[in-house]
Amino acid sequence: MTDKDEERRTRPKSAVVCGYPISIFFIVVNEFCERFSYYGMRAVLVLYFKYFLKWDDDFATTIYHTFVALCYLTPILGAIVADSWLGKFKTIVYLSIVYTAGQVVMAVSAIHDITDTNKDGTPDNMTFHVALSMVGLILIALGTGGIKPCVAAFGGDQFREDQEKQRSTFFSIFYLSINAGSLLSTVITPILRAQECGIYVPQKCYALAFGVPAALMVVALIVFIVGSGMYVKTAPQGNIMVKVCKCIGFAIKNRFRHRSSEYPKREHWMDWAEEKYDKLLIAQVKMVLKVLFLYIPLPMFWALFDQQGSRWTLQATTMDGDFGSLIIQPDQMQTVNPILILALVPVMDSLIYPLISKCKLNFSPLKRMTVGMFFAAMAFVAAALVQLQIDQTLPTFPSSAEGQVKFINMRNKDMNITAGPNTFTLKPLTANEDYLTLDLTFGLDLGSGVPSDITIEGGTRTTMTIVEGQLGGQLRTEEFKDITAKPEQGANAIRFFNGFGSGLNVTIGSLDYGHIVTNNMSEYVAVPNGQAQFLIKNDAGDQCTYTQTLGFGSSYTLIIPSTFAFGKDCEQNIKAVMDIQPNTVHMAWQIPQYFLITAGEVVFSVTGLEFSYSQAPSNMKSVLQAGWLLTVAVGNIIVLIVAEAATLPDQWAEYILFASLLVLVCIIFAIMAYFYTYIDPAKVEAQFAEGEPEEKEKRKSLEMAKRDSIKKREEERRSSDSSSSSSSDEEVEVPQTKI
């Protein structure tokens, strides 16, 4: 009764809308803005490292993943601060200020004009920008990580014990706001980054891409503070993390001291801490350890889930992103996840779960999480099936012990060619359809009947153009190295061979092939998909526009023959030779795997947040939230370990490996969940709270009796010392007094 009366007294009178406290509106809006800020900044971070700070790919990737890992490790610090000293509200406010400062510092670091003293558009003091960036990222990691375990738990604190259903719905809405913020920011900030800005020489506007997330973080902070008067603010209950660690440490040491069989066993190993710690604290630690034990298998889910931004994006680069009126780039497929979350969260919450409940099925939180893990495993099976289809369309590149050669006939008549064991005929201005796989040294006969030995480099692809010598002299071959990998990010590798009688210049938009001399090959240029228009010029100023329809991931050699002539139909003379065919498996085939893993995320992650809150003791909720987030960091480490240790030659096999590992972990988790007993932490704490005064009184009585006993022994000692001078009556009085 006293606790309930005190709760009513400390709980502010907040307006209620549809059974929900209005204070959660401010928390949800705050989370939306904060997630927009974080994911928006992160979306352009690697490009900022590479193109603004001029770091190479490896170093940029290293710093990026270090930052992300730090963001998921700092929640432990935030949980300690919130539960031990400041409380959730003040922790969120103070660390949000640190967070906002970090975003502002990042935006300032991206202003190239600050150190552009020579006004050429390039910063002259790169150390200054690097230092600012590192300071900004550290502040952001402290801020976003520090508030992570607090915001969801603080939202849960706004509900009374009899509002369990509303609290469950809140966690769904909360997770919805996270994905809404990440979806919008992932779409908007790359657009802002692509804009050009600058005082002297306009450059890509990273300052704007970082500045808008900084502004959203300011909005998040203001909105959260405005709702201050409506929040239920639970006071911190001491340095609980230190207490928990000391309690566990004492139990282990005490158990080790009494490991002999002569000491009676206790019900739980934590009971060995009873000599020093309250039974209430021991009971709370037991509750936390039960949940943390269940967390052990969870990182495997995140190991699969976080590969959407790496392996699945790389898979998309080998696929066709043409959706008719909409062209999807490989890295844009990641937006399918938040879009599906926005659709699936309300469907699960309003339709699926109530339907399961009406069917009288016990779909407990841990069963939901098990199903979510199974969905994620099935998503990787789907990814493996897609990868098998992709592998059938990918070119087979040579090993180090062999080479591949393609021949182009630049003559105006047919040619009979023998290359190694292969004999074939080439029409004028054509090439053999596929590369020929040959030994590093092979015989080549161009129709003379006398083969010559040709040596090629192992593991490479080579194009040999067959041209006539000057004045119709002896035939000769010109060798050019070809690419031995699919073009990156769905681009197309295009090059020109100039068989014309004079040098030519070729451009496409702002891309310049340079001057191509006669019987020579240009460098490859990465050209995006669509209708590519190439402008061909000669030294006299004549022009020809050639149009080529490009898909995704192809490679072409465009031949300008000796018969080429500038004029109305000049483009008809140009011949296209396909070196690598475009991607033929459509990106839409990735949607099933995205659907499965998103369904798994909704069932697993939303339920996990709710489960962590419901099973946490009143003074350790943020600690369990931090433990939940820590599983994400561990999951990313698992990806690196498995991917490096497995060294599988085929990507589909790696997908199956991850799926198999998660199925195994899923079975283990299901067994653990079967033996887990759900508890009501409030009831457990109330039971110990009722017995606590009696326990304290017993301890007090024992301590007093101990002190009295010591005091009486001292008196007895003094009495015995003076017994020689005492009378016989006094000798009798002493035992009477003891009695």
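Everything below is about the structure shown above.
Rules used in this analysis
The residue numbering used here restarts from 1 in each chain and proceeds along that chain's sequence as written. The model is predicted, so local features are restricted to residues of pLDDT at least 70 and side-chain atom pairs to those at 80 or more, both for listing and for counting; the totals for chains, interfaces and linings are taken over all residues. As a rule here, side-chain values come from all non-hydrogen atoms in the structure, and water together with hydrogens is ignored. To get an axis, fit a line to the C-alpha atoms, keeping to the stretch in contact for a helix; angles then go from 0 to 180 degrees between the N-to-C directions. Numbering of helices and strands runs from the N terminus, with a helix taken as a DSSP run of H or I at least four residues long and a strand as a DSSP run of E at least two residues long. Note on convention: the crossing is left-handed when the near helix lies turned anticlockwise from the far helix by less than a right angle, right-handed when the turn is clockwise. Working rule for contacts: check all heavy atoms of both residues, and any pair within 4.5 Å makes them a contact. Each residue gets one of three labels, nonpolar for Ala, Val, Leu, Ile, Met, Phe, Trp, Tyr, Cys and Pro, charged for Asp, Glu, Lys and Arg, and polar for the others, Gly among them. In this description, strands pair whenever DSSP reports at least two bridges between them. What makes a salt bridge here is a side-chain nitrogen of Lys or Arg within 4 Å of a carboxyl oxygen of Asp or Glu, nothing more. Exposure categories follow from relative accessible area, calculated using a 1.4 Å probe and restricted to protein chains: below 20% of the type maximum is buried, above 50% is exposed, and the middle band is partly exposed. Reported orientations rely on four angle classes, namely roughly parallel under 35 degrees, roughly antiparallel over 145, roughly perpendicular from 65 to 115, and oblique for the rest. The rule is short: rings of Phe, Tyr and Trp, with Trp giving its six-membered ring, pair when the centres are within 6.5 Å, and they are stacked under 30 degrees, edge-to-face over 60, tilted in between. Here, a charge over a ring is recorded when the distance from Lys NZ or Arg CZ to the ring centre is within 6 Å and its angle to the ring normal is within 35 degrees. Helix span is expected to be 1.5 Å times the residue number reduced by one. Each polar contact in these results corresponds to two N or O atoms within 3.5 Å; when the atoms are within protein, one needs to be able to donate a hydrogen and the other to accept it, and residues that are neighboring in sequence are counted only if both atoms are side-chain atoms. Note that a disulfide, as used here, is simply two cysteine sulfur atoms within 2.5 Å. Charged residues are defined here as Lys and Arg on the positive side and Asp and Glu on the negative side; His and the ends of the chain fall outside this count. For this analysis, a nonpolar core means a set of buried residues of the types Ala, Val, Leu, Ile, Met, Phe, Trp, Tyr and Cys, connected via side-chain atoms within 4.5 Å. Exposure above 30% relative accessible area and the absence of a salt bridge qualify a residue for a patch, where like charges join within 9 Å and nonpolar side chains (Val, Leu, Ile, Met, Phe, Trp, Tyr) within 5 Å. Every accessible area reported is derived by Shrake-Rupley at a probe size of 1.4 Å, with residue values counting cover from the shown protein chains alone. To locate a charge, take atom NZ for lysine, CZ for arginine, CG for aspartate or CD for glutamate.

A.B. asks: Looking at this model, I keep getting lost on the packing of helix 7 (residues 164-194) against helix 8 (residues 206-226). Mind explaining?
C.D. replies: Running from amino to carboxyl end, helix 7 crosses helix 8 at an angle of 145 degrees, the nearest separation of the two axes being 6 Å. You can see that helix 7 and helix 8 cross each other, and the crossing is right-handed. Here T189, L192 and R193 of helix 7 lie close against helix 8, whose contacting residues are Y206, L208, A209, V212 and P213. Of the residues that constitute the contact of helix 7 with helix 8, the class distribution is 6 nonpolar, 1 polar and 1 charged.

A.B. asks: Mind showing me how you'd approach the sheet that holds strand 16 (residues 511-516) here?
C.D. replies: Where strands meet in a sheet, backbone hydrogen bonds hold them as pairs that are either parallel or antiparallel. With respect to topology, 4 strands assemble into an open sheet ordered 16-15-19-20, the strand pairing being antiparallel. Strand pairing shows two members of the sheet lacking a second neighbour, strand 16 and strand 20 (543-550), which therefore form its edges. If you compare each strand with its neighbour and ignore which way they point, the axes differ by 20 degrees on average. Relative to strand 19 (residues 530-538), strand 15 (residues 504-508) is paired through 4 bridges, and the arrangement is antiparallel. By the bridge assignment, N505 is partnered in strand 19 with K537.

A.B. asks: It is not clear to me how the pattern of salt bridges should be interpreted in this structure. Could you clarify?
C.D. replies: Where side chains of opposite charge bring their charged atoms close, a pairing between them can arise. Applying the stated criterion across every chain yields a total of 11 salt bridges. Where K88 meets D157, a salt bridge forms, and the shortest distance between an N and an O atom there is 3.1 Å. Taken as a pair, K88 in helix 5 (residues 75-109) and D157 in the loop between helix 6 (126-156) and helix 7 lie far apart in primary sequence, 69 residues in all. With respect to burial, K88 and D157 carry one shared label: buried. Salt-bridge contacts for K286 lead to D271; the nearest nitrogen and oxygen are separated by 2.7 Å. Here K286 is found in helix 10 (residues 279-295), whereas its partner D271 is found in the loop between helix 9 (240-257) and helix 10, with 15 residues between them in sequence.

A.B. asks: Looking at this structure, I do not really get the packing of helix 7 against helix 13 (residues 336-358). What am I missing?
C.D. replies: In a pair of packed helices, the angle between the axes and the distance between the axes together describe the arrangement. Between helix 7 and helix 13, whose axes approach to 8 Å, the crossing angle comes to 165 degrees. Comparing their axes, helix 13 and helix 7 come out roughly antiparallel. As for the relative orientation of helix 7 and helix 13, their crossing is left-handed in sense. In contact with T169, S172, Y175, L176, N179, A180, S182 and L183 of helix 7, helix 13 contributes N337, P338, I339, I341, L342, V345, P346 and D349. Class assignment of the residues belonging to the contact of helix 7 with helix 13 gives a composition of 10 nonpolar, 5 polar and 1 charged.

A.B. asks: Explanation requested: the packing of aromatic side chains in the structure shown.
C.D. replies: For any pair of aromatic rings, the description rests on two quantities: the centre-to-centre distance and the angle between the ring planes. Counted according to the given criterion, the structure contains 44 aromatic pairs. Judged by centre distance (6.4 Å) and plane angle (35 degrees), the ring pair of Y38 and F67 falls under tilted. Placement of the pair is Y38 in helix 2 (residues 23-43) and F67 in helix 4 (residues 57-73), with a sequence separation of 29 residues. Note on F301 and W302: the rings are 5.1 Å apart at their centroids and 85 degrees apart in plane angle, and the pair reads as edge-to-face. An aromatic cluster of at least three residues, connected via ring pairs, comprises Y48, F49, F52, W55, Y206 and F210. The ring of Y38 carries the charged tip of K148 above its face, separated from the ring centre by 5.3 Å. The ring centre of Y353 lies 4.0 Å from the NZ or CZ of R368, which sits over that ring.

A.B. asks: Got a minute to help me understand helix 15 (residues 591-614) in this structure?
C.D. replies: Think of an α-helix as 3.6 residues a turn; residues three or four steps apart then line up on the same face. Between its terminal C-alpha atoms helix 15 stretches 34 Å, which fits the 34 Å expected from 24 residues at 1.5 Å a residue. The element helix 15 is extensively covered by neighbouring structure, given that 19 of its 24 residues are classed as buried.

A.B. asks: Would you mind going over the environment of I667 with me for this structure?
C.D. replies: For I667, the position within the fold is in helix 17 (residues 651-674). On the basis of relative accessible area, I667 is assigned to the partly exposed category, the value being 48%. For the pair I667 and P297, spaced 370 residues apart in sequence, the C-alpha separation works out to 9.9 Å.

A.B. asks: Would you explain the side chain of T74 in this entry?
C.D. replies: In this fold, T74 is placed in the loop between helix 4 and helix 5. Among the polar contacts listed, one links the side chain of T74 to the backbone oxygen of A141, at a separation of 2.9 Å.

A.B. asks: I keep staring at the sheet that holds strand 10 (residues 441-445) and nothing clicks. Help me out?
C.D. replies: Strands sit in the order 7-6-10-11 across an open sheet of 4 strands; the sheet is antiparallel. Each edge of the sheet is formed by a strand with only one pairing partner; in this case those strands are strand 7 (422-426) and strand 11 (452-455). Sheet twist, expressed as the mean angle between neighbouring strand axes with direction ignored, is 30 degrees. Pairing of strand 10 with strand 11 involves 4 bridges; the strand directions are antiparallel. In the sheet register, G443 faces strand 11, and the bridge partner there is D453.

A.B. asks: Please explain the state of the cysteines as it appears in this structure.
C.D. replies: Counted by the stated rule, this structure contains 2 disulfides. Paired by a disulfide, C197 and C205 hold their sulfur atoms 2.0 Å apart. Handedness of the C197-C205 disulfide follows from its S-S torsion of about 100 degrees: it is right-handed. Two residues share a disulfide in this structure: C544 and C570, whose sulfurs sit 1.9 Å from each other. Because the sign of the S-S torsion sets the handedness, a value of about 100 degrees for the bond joining C544 and C570 places this disulfide among the right-handed ones. Taken together, the positions of C544 in strand 20 and C570 in the loop between strand 21 (555-560) and strand 22 (575-580) put the pair 26 residues apart, joining distant regions of the chain. Looking at C544, the relative accessible area reads 1%, which means it is buried. When the cysteines engaged in disulfides are numbered in sequence order, the protein chain pairs them as 1-2, 3-4.

A.B. asks: How do you make sense of the side chain of E601 when you look at a structure like this?
C.D. replies: With respect to the secondary-structure elements, E601 resides in helix 15. Buried within the structure, E601 lacks any salt-bridge partner; its nearest side chain of opposite charge belongs to R35, at an N-O separation of 9.9 Å. In terms of polar contacts, E601 uses its side chain to reach the side chain of N337, at 3.1 Å. What E601 contacts, discounting residues up to four positions off in sequence, is Y175, N179, F301, F305, N337, I341 and V606.

A.B. asks: Looking at this structure, I do not really get the nonpolar core. What am I missing?
C.D. replies: What tends to happen in soluble globular proteins is that the nonpolar side chains get buried as a cluster. Judged by nonpolar contacts, the single largest core of 133 residues is most densely connected at L45, Y48, F49, F67, F210 and W628. For this core, the element with the highest residue contribution is helix 14 (residues 365-393), accounting for 11 residues. In contact with F67, other than residues within four places in its own chain, are Y38, M41, L45, L137, I140 and A141. By size, the runner-up hydrophobic cluster in this structure holds 22 residues, among which are I494, F496, I560 and F564.

A.B. asks: I would appreciate a short explanation of the environment of N498 in the present structure.
C.D. replies: Inspection of the secondary structure assignment puts N498 in strand 14 (residues 492-498). In sequence terms N498 and I560 are 62 residues apart; their C-alpha atoms lie 5.1 Å from each other. One polar contact links the side chain of N498 to the main-chain amide nitrogen of F500, over a distance of 2.9 Å. Of note is the side chain of N498, whose polar atom sits 3.4 Å from the backbone oxygen of V517.

A.B. asks: I'm lost on a positive patch on the surface in this one. Help?
C.D. replies: Together, K246, K253, R257 and K276 line one region of the surface with positive charge. Using a relative accessible area of 52% as the deciding quantity, one classes R257 as exposed.

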